[in-house]
Amino acid sequence: MLYLSRTSILTLGTLLSLGLGACKRRPDAYHGLSDSALADSAAVYEKDSYLFRRVGETPDLQGPESARYDKDLDVWFVSNVNGDPSKKDNNGYISRLRPDGSPYNLKFIEGGAKGVTLNAPKGLAINGDTLWMADIDFARAFSKRTGALIANVSTKGKAKFLNGAAVGPDGAIYMTDTGVIFGLKGDVAHPGPDQVFRITKGGATVVLSSPKLEGPNGITWDSQQKRFVIVSFLGKGIYGWKPGDKDFKSIGSGPGQQDGVVFLPDGRLLVTSWADSSLFVVEKGQSRKVASGVTSPADIDVDPKDSRVAVPQLMMGKVSFWEVP
């Protein structure tokens, strides 16, 4: 069992990218970091044609952790932790944004309203008309059109911290469990297990478990290679895993503290890193930074029609939008 002090968590990229409220000011726990480490300069240089260009942002969110684009409705869904990332306070919510990031319905689904329980929503996945979200030790499903509750699937006693979410080729939802526990005094332990769940309305099953995953966070389906791509937050690994296999393979590495992962329309893999506040692409096992100065970049997605990536910046309380060259 690995116990992490508050100081060590800061060096891991600030509380595992799992939210500390509205983030309109620097939280007390972050006074130890330099201004440059928390700067949101978005350093992008025109001379480098492969670098992304920031084209807008949505401010005044509360711990935005995951963005998911829906092509049917032409909207973005954004999960908001709104407070302690592991506290069952029933104040999390889901926002809907227009394609350009302007607010459509800031609290489309809201914990504590209309009989909804939503504590600290993180990873989002859309399967048909159903919007799934990871919520500590529950996988919750709602209608993406009306916000009506469809299912609450418990992983109590199995999951420590559900985090990333993706739709599998079988129509099930696959969620990562980062394997961390937050204490009453802000301390964080990583007892594990580091695992992946397969989730349906009927229940949840562990389909992959290994300490070598090192705090699995983002997950996405690779339709070309017929595998999932999983990124590590407590390590530098980027892994490929085929459903049914007992093990996984390394397909690259990043700066560390990886969070979001998605395939771009051109087939490149895009990943976010808290370690150096960056977005980077992976091609043939090689990593290349495409944007820097992006503080606390969490779970991302892409709108292919506009070649635009949404990046929730959890500690900054906003989502920034980037144009893919």
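Just so we're clear, the structure is a prediction, and the values are computed from it rather than from any experiment.

**Some remarks on the side chain of Gln257**
Next, step 1: Looking at the element boundaries, Gln257 is found in the loop between strand E20 (249-253) and strand E21 (258-263).
Next, step 2: Polar contacts involving the side chain of Gln257 include one to the main-chain amide nitrogen of Ala275, which spans 3.3 Å.

**Quick notes on the sheet that holds strand E5 (residues 93-97)**
Next, step 1: One open sheet holds the four strands; their spatial order is E3-E4-E5-E6, and the pairing between them is antiparallel. Looking at which strands have only one partner, the edges of the open sheet turn out to be strand E3 (64-70) and strand E6 (103-110). When the angles between neighbouring strand axes are averaged without regard to direction, this sheet yields 25°.
Next, step 2: Here E3 runs beside strand E4 (residues 75-80); their pairing, made up of six bridges, is antiparallel. What sits directly across from Tyr69, in E4, is Trp76.

**What to know about the side chain of Ser95**
Next, step 1: Counting through the fold element by element, Ser95 comes out in strand E5.
Next, step 2: A relative accessible area of 0% means that Ser95 is categorised as buried.
Next, step 3: A polar contact is formed between the side chain of Ser95 and the side chain of Asn80, at a distance of 3.2 Å.
Next, step 4: Once you skip the residues sitting within four places of it in the chain, Ser95 turns out to touch Leu61, Trp76, Phe77, Val78, Asn80, Asn105 and Leu106.

Scoring rules and cut-offs
Residues numbered from 1 in each chain as written. Predicted model: local features only at pLDDT ≥ 70, side-chain atom pairs only at ≥ 80, totals over all residues. Heavy atoms only, no water. Helix = DSSP H or I, 4+ residues; strand = E, 2+ residues; numbered from the N terminus. Polar contact = N/O pair within 3.5 Å; in protein donor to acceptor, adjacent residues only side chain to side chain. Pairing = 2+ DSSP bridges. Axes fitted to C-alpha atoms, helices over the stretch in contact; angles between N-to-C directions. Buried < 20%, exposed > 50% of the residue type's maximum accessible area, 1.4 Å probe, protein only. Contact = heavy atoms within 4.5 Å.

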